[in-house]
Amino acid sequence: FFLPDGSGYGFTPLINGISKPFLMDLDGRNKRDVTGSGGGFAYGYSASPDGMRISYHENYQIFVSNTDGSDKRRIETGNPFNFAPQWSPDGEWVVYVAREGADGAIRRRNPTGVDEITIAEGQGLNPRWSRNGQFIAFSRVNEDGSVDLVVVDKDGNGESVVAAGV
């Protein structure tokens, strides 16, 4: 992905069986590991709108850090499996997938780790913010294996299936 300020790219290579987020300049130079002291399997990351911070999951836990990997903080969720964090357009929230066994939810949390709310229950995947930050779209896997595209407002209200059973 492009960094919000257009100064470079973020990417997640698999090197010797380990996945870590890296940043690099637009010309492909200055590649740098941005997980800080992380040694786990990290991926699914996004840059904050101001390009100053990143969110990602490492060993299925959500982390937020500066783009150089410093000030790395785990966001405590109480769930064993968390992934796919995405920053809101205003940088105030991170939306992510939380799982515990077969149960799951799309959740929204302040990057400091407080003020969590559940956006949607069920087998939701790939949450994404609308450009204006008022809505969250995600895919939901149904019991029959079909997938719906669902949209809710940023507080989890007004759920609407915009594409059913694809």
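Refer to the structure printed above.
Residues numbered from 1 in each chain as written. Predicted model: local features only at pLDDT ≥ 70, side-chain atom pairs only at ≥ 80, totals over all residues. Heavy atoms only, no water.

**Student:** What should I look at first to understand the sheet that holds strand β5 (residues 32–33) in this one?
**Tutor:** Strand-to-strand pairing in sheets goes through backbone hydrogen bonds, with the strands running parallel or antiparallel. If you walk across this open sheet you meet the three strands as β1-β4-β5, and the pairing is antiparallel. Two strands close off the open sheet at either side, each with one partner strand: β1 (8–11) and β5. Bridge count between strand β4 (residues 22–25) and β5: two bridges; the pairing is antiparallel. Counted as the bridge partner of Phe 22 is Asp 33 from β5. (Pairing = 2+ DSSP bridges. Helix = DSSP H or I, 4+ residues; strand = E, 2+ residues; numbered from the N terminus.)

**Student:** Can you walk me through the side chain of Thr 77 in this structure?
**Tutor:** Along the chain, Thr 77 falls in the loop between β9 (73–74) and β10 (81–87). By relative accessible area, Thr 77 is classed as buried at 11%. Polar side-chain contacts of Thr 77 include one of 2.9 Å to the side chain of Asn 82. (Buried < 20%, exposed > 50% of the residue type's maximum accessible area, 1.4 Å probe, protein only. Polar contact = N/O pair within 3.5 Å; in protein donor to acceptor, adjacent residues only side chain to side chain.)

**Student:** What am I meant to see in the pattern of salt bridges here?
**Tutor:** Where charged atoms from two side chains of opposite charge come close, those side chains can pair. With the rule as written, the count across this model stands at nine salt bridges. Where Arg 32 meets Asp 25, a salt bridge forms, and the shortest distance between an N and an O atom there is 3.8 Å. Judged by relative accessible area, Arg 32 falls into the partly exposed class, the value being 30%. Through salt bridges with shared partners, a single network forms among Arg 107, Arg 109 and Glu 116. (Salt bridge = Lys/Arg side-chain N within 4 Å of Asp/Glu carboxyl O.)

**Student:** When you look at the environment of Ala 164 in this model, what are you seeing that I'm missing?
**Tutor:** Here Ala 164 shows up in the segment after β17 (160–163). Note on Ala 164: relative accessible area 60%, which makes it exposed. On a C-alpha basis, the gap between Ala 164 and Leu 149 in space is 6.5 Å, while along the polypeptide they are 15 residues apart. Once residues within four sequence positions are removed from consideration, Ala 164 is found in contact with Val 147 and Asp 148. (Contact = heavy atoms within 4.5 Å.)

Scope: geometric values only; no functional claims are made or implied.
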